[in-house]
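An overview of the molecular structure
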Amino acid sequence: QVQLVESGGGLVQAGGSLRLSCAASGRTVSSKAMGWFRQAPGKEREFVAAISWSGNGDSTYYADSVKGRFTISRDNDLQMNSLKPEDTGVYYCAATRRTVVSGVPFIYAIEYDYWGQGTQVTVSS
């Protein structure tokens, strides 16, 4: 079994930055792909960012709402800049057993097999 633990969440003012980390332990995840999702109060869990990597480099994919502000890295850190109140929510990192094909990251929650417990991010206006 794979355990994922997120850290780095907190309270920040609009325009500020946070860096989330995701630590993996337990059984090694062989897939070269990771992702981040978030869930705001009263809303469905939504995709935030994903990354896959191979000998040809990294491929990343972002939700339109965070593009240009968030950056995901291969160690599954999520750098969040220019935060907005609408970024508030519980952030989850996710790992998958699926094999990456043509370097395409996984952007749907159903494609992920392991989830962390989440870390709260609150952005005040």
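Presented here is an overview of the structure given in this document. This structure is a prediction, so every number in the text was calculated from the model and none was measured.

Here we take up the environment of Y61. Among the structural elements, Y61 can be located in strand β6 (residues 57–62). Taking the C-alpha atoms as reference points, Y61 and G8, 53 residues apart in sequence, are found 21 Å from one another.

The strand order β1-β3-β8-β7 describes an open sheet built from 4 strands, whose pairing is antiparallel. In this open sheet, the two edge strands, each paired with only one partner strand, are β1 (2–7) and β7 (70–72). Strand-to-strand twist in this sheet, taken as the mean axis angle between neighbours without regard to direction, amounts to 15°. By the bridge criterion, 3 bridges tie β7 to strand β8 (residues 78–80) in an arrangement that is antiparallel. In the sheet register, F70 faces β8, and the bridge partner there is M80.

Now for the environment of E46. Position of E46 among the secondary structure elements: in strand β5 (residues 46–54). Once the C-alpha coordinates of E46 and P85 are considered, the two residues, 39 residues apart in sequence, prove to be 16 Å apart. With residues up to four places along the chain from it excluded, the contact list for E46 reads F37 and R38. Separated by 2.6 Å, the side chains of E46 and R38 make a polar contact.

Cut-offs and rules
Residues numbered from 1 in each chain as written. Predicted model: local features only at pLDDT ≥ 70, side-chain atom pairs only at ≥ 80, totals over all residues. Heavy atoms only, no water. Helix = DSSP H or I, 4+ residues; strand = E, 2+ residues; numbered from the N terminus. Pairing = 2+ DSSP bridges. Axes fitted to C-alpha atoms, helices over the stretch in contact; angles between N-to-C directions. Contact = heavy atoms within 4.5 Å. Polar contact = N/O pair within 3.5 Å; in protein donor to acceptor, adjacent residues only side chain to side chain.

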